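Residue-level structural notes
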Amino acid sequence: MTEETILIVEGSPDIRLGLKSILQRRGYRLLVAENGEKGIRLARTEGVDLILLDTELSKMDGFAVCEVLKNDPVTGEIPILFLSAGTEVKNKVRGLRLGGEDYIDRPLDRGEVLARVQTQLRVRRLNRELAESNAALLEMQVRMEEDLRAAREMQRSLLPRHCPVSWPVQAAWRFQPGQRVGGDLFTIFPLTGDALGFYMLDVSGHGVAAVLVAMSVARALDPASGSGIVVRGRGREEIVPPAEVLTILDKQFPMERFDTFFTVFYGVFDLKSRTLSYSSAGHPPSFLLRQGGEVDFLDKGGAIIGLGGAQPFEGGMLSVRPGDRVVLYTDGLVEYEREDEEMFGQDRLLELLVAHKDMEPEQFASSVIRDVLAFGNGSVPGDDQSLLLLEFDGGIRLETS
């Protein structure tokens, strides 16, 4: 252990000698000052751990010295033990109010001196350890916040930027970040031939790990990655059915390897046949809002991704007509809570979707998020809220490279 330094600021040569005799045997490094000015100088320059301070110094008494030391950021944390001879209570109170830790009465008692010195040095060590731990925790928190900011930016970078005018759909989306970085992700992309693929996924948990898993899934579902998950074959490529896509993901992202799971809805618009094929892996039920006001629940699928084939995935297929809308969302919307802990819920969400069905897609998406947040008086959601709307508008105009 590092040798601890004690500064003795005492006007009496006999008491200085007595203190040195008591403390030297304990292996402390001792510094001695016979007046306050020298004591202040040594305290500022010598790395002192404890000060024994005479209250009755000439010129500058111990109280004045204590006040100077406690107001100096260099010496303010050094504990001070006053040395006094029958000091009145009011003077002891004064010393404690100035920041002194304790008193040792004269004549000195060896046992009392050692006990009070050891106590204050132990407190000093504990305070240092606590300060070091707090500094380390603060540094760790700063690094974590930097990592989370980077993760949030990575997450945002993978969200769609715009829907090309050449596509036979109108699209609108909203992403409302929660208090903690989550694993929400969604996009829409061209497939081979006259088809569009789209998905929305939600990785369990929060933080950098959730975003990294979401990014891995996004790469796997990218037709340009060559993974063979959403399209396969060379030359005449074939679109992989959504249920089979989820089966492949379930094998590639086992829970025991990634220590997490995710839900996902994956769909394909076939523009020639005007059909929507889809499958869902434990994702909140998506909706097909018909132009006439009817609602089809897109509930075909299976369990979450990560169970390694424990349950087969079922696919669904529906015809679509101009004006029909597919609405996908994550559970951050329906699980959004107000102050009484009541959740927004799926029923309220469906009522909103039907109520806003005649709005243009952008207005529709903004209104839904606005009304959900109004339910909770605008408080920041605990989880990410994602909403994706795709409206089929008819003719084939898709251009793929």
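Sequence order as written defines the numbering, with residues in each chain counted from 1. Restriction of local features to residues with pLDDT of at least 70 applies here, the model being predicted, together with a cutoff of 80 or more for giving and counting side-chain atom pairs; totals for whole chains, interfaces and linings are based on all residues. Side-chain descriptors were evaluated using all non-hydrogen atoms of the structure, hydrogens and water having been removed beforehand.

On to the sheet that holds strand β17 (residues 325-329), then. A strand pair is defined by DSSP finding two or more bridges across the two strands. Helix and strand labels come from DSSP, where a helix needs a run of H or I of at least four residues and a strand needs a run of E of at least two; each type is numbered from the N terminus. Taken together, 5 strands build an open sheet; the order of strands is β6-β18-β17-β13-β14 and the sheet is antiparallel. Where the open sheet ends on each side, the last strands, each with one partner, are β6 (169-176) and β14 (295-298). Strand-to-strand twist in this sheet, taken as the mean axis angle between neighbours without regard to direction, amounts to 15 degrees. The sheet contact formed by β6 and strand β18 (residues 385-392) spans 8 bridges and is antiparallel. Note that in β18 the partner of glutamine 170 across the bridge is glutamate 391. Fitted lines through C-alpha atoms serve as axes, helices being fitted only where they are in contact, and the angles separating the N-to-C directions of these axes extend from 0 to 180 degrees.

Between Lys or Arg on one side and Asp or Glu on the other, a salt bridge is scored when a side-chain nitrogen of the former is within 4 Å of a carboxyl oxygen of the latter. Evaluation of the coordinates by the stated rule reveals 25 salt bridges. The residue aspartate 49 makes a salt bridge to arginine 128 at a minimum N-O spacing of 2.7 Å. One end of the pair, aspartate 49, is in the loop between α2 (36-45) and β3 (50-54); the other, arginine 128, is in helix α5 (residues 110-157), and 79 residues separate them in sequence. Each residue gets one of three labels from its accessible area relative to the maximum for its type: buried under 20%, exposed over 50%, partly exposed in between, using a 1.4 Å probe on protein chains only. You can call aspartate 49 buried: its relative accessible area is 5%. Measuring nitrogen to oxygen at the nearest pair gives 3.4 Å for the salt bridge that ties arginine 106 to aspartate 54.

A separate point is the confidence of the model for the protein. On average, residues of the protein carry a pLDDT of 87, and 94% of them reach 70 or more. Summarising per-element confidence for the protein, the mean pLDDT is lowest in helix α8 (residues 255-258) (80) and highest in strand β12 (residues 275-281) (96). Each residue carries a pLDDT value, the predictor's own confidence for that position, ranging from 0 to 100.

Here we come to the sheet that holds strand β1 (residues 5-9). Reading across from one edge, β2-β1-β3-β4-β5 is the order of the 5 strands in this open sheet, with parallel pairing throughout. Among the strands making up the open sheet, the edge pair consists of β2 (29-33) and β5 (102-105). When the angles between neighbouring strand axes are averaged without regard to direction, this sheet yields 20 degrees. Packing of helix α1 (residues 13-24) onto the sheet brings it into contact with β1, β2, β3 and β4 (80-84), and relative to β2 it is tilted by some 170 degrees. What makes two residues a contact is simply this: any of their non-hydrogen atoms within 4.5 Å. Its contacts with the sheet put α2 on β1, β2 and β3, and the angle it makes with β2 is roughly 145 degrees.

Moving on, we come to α1. Helix span is expected to be 1.5 Å times the residue number reduced by one. Its 12 residues place the ends of α1 16 Å apart at the C-alpha level, agreeing with the 16 Å of an ideal helix rising 1.5 Å per residue. Turning to α1, its buried residues number three or more, namely Ile15, Arg16, Leu19, Ile22 and Leu23. For α1, the arc enclosing every buried residue in end-on projection is 130 degrees, short of the 170-degree limit, so these residues lie on one face. Exposed residues lying more than 90 degrees from the buried face of α1 are Pro13, Asp14 and Leu17. The arc under discussion is defined with respect to the helix axis, by the directions toward the C-beta atoms.

Attention shifts here to helix α10 (residues 345-355). Of the residues making up α10, those classed as buried are Gly345, Leu349, Leu350, Leu352 and Leu353. Buried positions along α10 lie against β13 (286-289), β14, β17, α9 (331-334) and α11 (361-375).

To continue, consider the nonpolar core. Residue types Ala, Val, Leu, Ile, Met, Phe, Trp, Tyr and Cys, when buried and joined through side-chain atoms within 4.5 Å, form a set referred to as a nonpolar core. Core analysis: the biggest nonpolar cluster contains 56 residues, and Phe198, Tyr199, Leu249, Tyr266, Phe269 and Ile305 have the highest contact counts within it. Broken down by element, the residue count for this core peaks at 7 residues, all from strand β8 (residues 195-203). With 23 residues, the next largest nonpolar core counts Phe344, Leu349, Leu350 and Leu389 among its residues.

The next thing to look at is the packing of aromatic side chains. Any two aromatic rings considered together are summarised by their centre-to-centre distance and by the angle between their planes. Only Phe, Tyr and Trp rings take part, Trp by its six-membered ring, and two of them pair if their centres are within 6.5 Å. Stacked means planes under 30 degrees apart, edge-to-face means over 60, and tilted covers everything else. As enumerated under the stated definition, the model contains 11 aromatic pairs in all. Ring geometry for phenylalanine 269 against phenylalanine 392: centres 6.1 Å apart, planes inclined by 20 degrees, an arrangement best described as stacked. Taken together, the residues span a long stretch of sequence, with phenylalanine 269 in strand β11 (residues 262-270) and phenylalanine 392 in strand β18 at a distance of 123 residues. Among the aromatic residues, those joined into a cluster by ring pairs are Phe198, Phe265, Phe269, Tyr278 and Phe392. The cationic tip of lysine 92 hangs over the ring face of tyrosine 103; the distance from NZ or CZ to the ring centre is 5.6 Å. Only when the NZ of Lys or the CZ of Arg is both within 6 Å of the ring centre and within 35 degrees of the ring normal is a charge said to sit over the ring. The ring of phenylalanine 364 has arginine 325 sitting right over it, with the charged end atom 5.2 Å from the ring centre.

Quick look at unusual backbone geometry now. A cis amide bond links arginine 106 with the next residue in sequence, proline 107, at an omega value of 0 degrees. Mapping proline 107 onto the fold places it in the loop between β5 and α5. Within the chain, lysine 59 stands out as a residue other than glycine whose phi angle is a positive 65 degrees. Mapping lysine 59 onto the fold places it in the loop between β3 and α3 (62-70). Positive phi outside glycine occurs at glutamate 341, with the angle close to 70 degrees. Among the residues examined, glutamate 341 registers a relative accessible area of 61% and is labelled exposed.

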